[in-house]
Amino acid sequence: MATLMFVLAHPDDESFGAGGTIARYARRGHRVVLVCATRGEAGKCGDPPLCRQEELGEVRERELRAAAEVLGISRVEFLGYRDKEVLLANPAEIVGKIVQLLKEERPEALVTFGPDGISGHVDHRAISHFATLAFWSLPEEERPARLYYYAWEQGVREHLQLRQALPSLPVTTVLDVGEWVEVKKQALLCHRTQHLSLERVFFSLTEEQLQKALSKEGFHRVWPVWTGGEKERGILNNK
Ligand SMILES: [Zn+2]
């Protein structure tokens, strides 16, 4: 069985972008490790607020651990940076922390944001950069075999009315996660303080639209370099 590592910025990035993928591989017996750069302490507390702003980091850590339990994530590690400040991290320090985790876990695949950050959030773009640097700084024998970025089809972006800060890399890999939509929904709902963005992105859709939006997850394969052809159906050697 393989290990998959996700290196993301905030609690909820895992469920939004890859909840179905994580559930699918975890249920098949693979080990899934999530590395989260911040505790999301600069996010919203909900309306009406579920906690005070100064408590938000702690609350969102608990929300993430609950979502991880639902999805079947084996290990959650926080890198300890502040929300909205990932770009200000000491590059050698943050890359070093990710490298250390890659050496410990030896994942077959590493998944992070692409340079567009999906929503364009500066933390998403920063963690993409640092995770990519960590990947390439390892010697080949220690490097994960595969590197992926989150990548959403144009149709999904339009559907979700995502503003696009930077051009996106093409979707090379699409996972059908229809079987895991209910698990993904349950994981999303663990992020209770984030109900406003959940409602905006997903839960304002009709049941049919929601099913469609949640049942496919897309990625861009960075390494090995994608040379075209039919899209992959999985991120572990097409499984
Ligand atoms: Zn985020």
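Please read these numbers as outputs of a predicted model, since none were measured by experiment. Position numbers for residues start from 1 in each chain and track the written sequence from start to end. Reporting in this predicted model follows two pLDDT cut-offs: at least 70 for local features of residues, and 80 or more for side-chain atom pairs to be given and counted; totals over whole chains, interfaces and linings ignore these cut-offs and use all residues. Water and hydrogen atoms were dropped before computing side-chain values, which therefore reflect all heavy atoms in the structure.

Trainee: Outline the sheet that holds strand β4 (residues 109–112), supporting the account with residue identities and numerical values.
Mentor: At least two bridges found by DSSP between two strands are what make those strands a pair. What counts as a helix is a DSSP run of H or I of at least four residues, what counts as a strand is a run of E of at least two, and both are numbered from the N terminus. A sheet is described by the order of its strands in space; here seven strands give the open sequence β3-β2-β1-β4-β5-β7-β6, paired in mixed fashion. Pairing within the sheet leaves two strands with one partner each, and these edge strands are β3 (75–81) and β6 (173–176). Adjacent strand axes in the sheet meet at a mean angle of 25°, parallel and antiparallel pairs treated alike. The sheet contact formed by strand β2 (residues 31–38) and β3 spans five bridges and is parallel. The residue bridging T38 from the neighbouring strand is Y81, located in β3. Lying over the sheet, helix α2 (residues 56–71) contacts β2 and β3, oriented at roughly 155° with respect to β3. Axis definition: a line fitted to C-alpha atoms, limited for helices to the stretch in contact. Angles are taken between N-to-C directions and run from 0 to 180 degrees. Contacts were defined at the residue level, with two residues in contact if any of their heavy atoms lie within 4.5 Å.

Trainee: Break down the nonpolar core for me, citing the residues and quoting the values.
Mentor: What is meant by a nonpolar core is a set of buried Ala, Val, Leu, Ile, Met, Phe, Trp, Tyr and Cys residues, joined one to another through side-chain atoms within 4.5 Å. Throughout, exposure labels follow a simple rule: accessible area from a 1.4 Å probe, protein chains only, divided by the maximum for the residue type, with under 20% read as buried, over 50% as exposed, and the rest as partly exposed. Within the largest apolar cluster, 60 residues are counted, with the highest numbers of intra-cluster contacts made by F6, L79, I94, I98, I127 and Y150. Counting residues in each nonpolar core, the second largest holds ten residues, with F16, V181, L188 and L214 among its members.

Trainee: Describe helix α4 (residues 122–137), and please don't skip the residues or the numbers.
Mentor: Here, expected helix span is obtained from the residue count minus one, scaled by 1.5 Å. In a regular helix each residue adds 1.5 Å, so 16 residues correspond to 22 Å; α4 covers 23 Å between its end C-alpha atoms and thus fits that length. Of all the positions in α4, only D123, H124, A126, I127, S128, F130, A131, T132, A134 and F135 are classed as buried.

Trainee: Help me get a handle on the coordination of the zinc ion, residues and values and all.
Mentor: Summarising the metal site, the zinc ion is bound by the protein donors H10 (ND1), D13 (OD) and H124 (NE2), whose distances to it range over 2.1 Å. For the zinc ion, the single-chain donor residues occur in sequence as H-x2-D-x110-H. Exposure remark for H10: the relative accessible area of 6% places this residue in the buried category. What makes D13 buried here is its relative accessible area of 6%. With water excluded from the atoms, a metal site may look incomplete; its donors are any N, O or S atoms within 2.8 Å, or within 3.2 Å for Na, K and Ca.

Trainee: Let's hear about the packing of aromatic side chains: which residues, and what values?
Mentor: Whether two aromatic rings pair depends on their centres lying within 6.5 Å, for rings of Phe, Tyr and Trp, where Trp uses its six-membered ring; planes under 30 degrees apart make the pair stacked, over 60 edge-to-face, and the rest tilted. Taken as a whole, this structure holds six aromatic pairs when the rule is applied. Measuring from centroid to centroid gives 6.1 Å for Y150 and F219, while their planes differ by 65°, and the two rings are edge-to-face. Separated by 69 residues along the polypeptide, Y150 in strand β5 (residues 146–150) and F219 in strand β7 (residues 216–223) bring together distant segments of the chain. Here the two residues Y150 and F219 agree in accessibility, since each one is buried. One aromatic cluster is present, formed by F113, Y148, Y150 and F219 through successive ring pairs.

Trainee: So what about the pairing of β4? Which residues, and what values?
Mentor: Burial along β4 is two-sided: A109 and V111 and L110 and T112, pointing in opposite directions, are all buried. When strand β1 (residues 3–8) meets β4, the two strands line up parallel, connected through four bridges. Residue pairing in the sheet places L4 in a bridge with A109 of β4. Where β4 lies against β5, four bridges are found, and the strand directions are parallel. From the neighbouring strand, A109 faces β5, where its bridge partner is R146. Look down the strands so they point away from you; if going from the first strand over the helix to the second traces a clockwise path, that crossover is right-handed. Crossover handedness for the path β4 to α4 to β5: right-handed.

Trainee: Hey, could you go over the layout of surface pockets for me, with residue numbers and the actual values?
Mentor: Taking a probe equal in size to a water molecule and rolling it over the atoms shows the remaining empty space. Computed over the protein atoms alone on a 1 Å grid, cavities are sets of points where a 1.4 Å probe fits but cannot get out and pockets are open sets with protein on both sides within 12 Å along at least five of seven lines; a residue lines them when it has an atom within 4 Å of a point. Grid points are joined across faces, edges and corners, and a volume is the space filled by probe spheres set on the points. Considering only enclosed or pocket space, the second largest pocket measures out at about 350 Å³ in volume. Every residue lining the second largest pocket is counted, 20 residues in all, and those nearest its centre are E153, V156, K212, A213 and K216. Sorting the residues of the lining of the second largest pocket by element identifies α1 (13–27), α5 (154–159), α8 (207–214) and β7 as the ones contributing at least two each. The leading source of residues in the lining of the second largest pocket is α8, at four residues. Residues are sorted three ways: Asp, Glu, Lys and Arg are charged, Ala, Val, Leu, Ile, Met, Phe, Trp, Tyr, Cys and Pro are nonpolar, and all the rest, Gly among them, are polar. Per-class residue counts for the lining of the second largest pocket are eight nonpolar, six polar and six charged.

These results come straight from atomic positions and should not be treated as a statement about function.
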